[in-house]
Each structure stands twice: as C-alpha cells, then as structure tokens.
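Examination of the molecular architecture
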Amino acid sequence: MPGKRFSYGRRVNAFPKDFRERLKRFKAESGLSWAEISRRLGIHPETVRRWKEGHARPNAEHMLALCRLADDLGLGRLFRV
C-alpha cells in the first residue's frame, strides 16, 4: 500500500512568468533608475540587470525586498500573483 500524501497547508506561490515585464513596468511607474532600484534593494546593479534580461531570478530575500519597495511606493500590485 503506497504511503499517504499529506498536505500541510503551505501554499507555494508560483514565480510570475512575466516577471521581466513586471520589473520594467515597476521601473517606469516608480520613476526610479535601475541604479536607484538596486541601491534601495541593497544589491549590486549587475544583479538587477540580470533580472531584467532574464538571465536570473531574484531569490526569496530579494523578492521580498522588491515587494516591500513596491508596496512602499504604492505599486505592490505589480508583483502579486
């Protein structure tokens, strides 16, 4: 008899497939430069460049910081799934 699968109620949000477009829209609507976005997130500008070109995705810590920044600027809707 196969083992029973348990659901612990933890919901895992899928990473938005259109993250690059959302990031570019965030930049446009916030009025911030890419350098200012990276400075406010506390990360290297190269990291943000890799995100916007689709070569990398933010880790959980960076995604939370990005969502907090978006919320602070009234643009949190851009990163909700």
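What comes next concerns the included structure. (Residues numbered from 1 in each chain as written. Predicted model: local features only at pLDDT ≥ 70, side-chain atom pairs only at ≥ 80, totals over all residues. Heavy atoms only, no water.)

Applying the stated criterion to the full structure yields 7 salt bridges. The partner of Glu29 in a salt bridge is Arg77, and the shortest N-O contact between them spans 2.7 Å. Of this pair, Glu29 sits in helix α1 (residues 19-30) while Arg77 sits in the segment after α4 (60-72), and the two are 48 residues apart along the sequence. Classification of Glu29 as partly exposed rests on a relative accessible area of 38%. Notably, a salt bridge pairs Glu46 with Arg49, separated by 2.2 Å at the nearest N-O pair. With Glu46 and Arg49 both in helix α3 (residues 45-53) and 3 residues apart, this pair spans about one turn of that helix. Residue classification places Glu46 among the partly exposed residues on the basis of a relative accessible area of 35%. Three or more residues joined by partner-sharing salt bridges are found here, namely Glu36, Arg39 and Arg40. (Salt bridge = Lys/Arg side-chain N within 4 Å of Asp/Glu carboxyl O. Helix = DSSP H or I, 4+ residues; strand = E, 2+ residues; numbered from the N terminus. Buried < 20%, exposed > 50% of the residue type's maximum accessible area, 1.4 Å probe, protein only.)

As a further point, take the packing of aromatic side chains. Describing an aromatic ring pair means giving the distance of the ring centres and the angle of the ring planes. Here the structure, examined in full by the defined rule, presents 3 aromatic pairs. Summarising the aromatic geometry, the rings of Phe19 and Trp51 are spaced 6.3 Å apart at their centres and angled 75° between planes, so their arrangement reads as edge-to-face. You can see Phe19 sitting in helix α1 and its partner Trp51 sitting in helix α3, a full 32 residues away along the chain. Phe19 sits in the buried class, given a relative accessible area of 3%. With centroids separated by 6.1 Å and ring planes inclined at 45°, the aromatic side chains of Phe19 and Phe79 adopt a geometry described as tilted. Linking Phe19 in helix α1 with Phe79 in the segment after α4, this pair joins segments that are 60 residues apart in sequence. Just as Phe19 is buried, Phe79 falls in that class too. Three or more aromatic residues joined by ring pairs form one cluster here, namely Phe19, Phe26, Trp51 and Phe79. (Phe/Tyr/Trp six-rings, centres within 6.5 Å; stacked < 30°, edge-to-face > 60°.)

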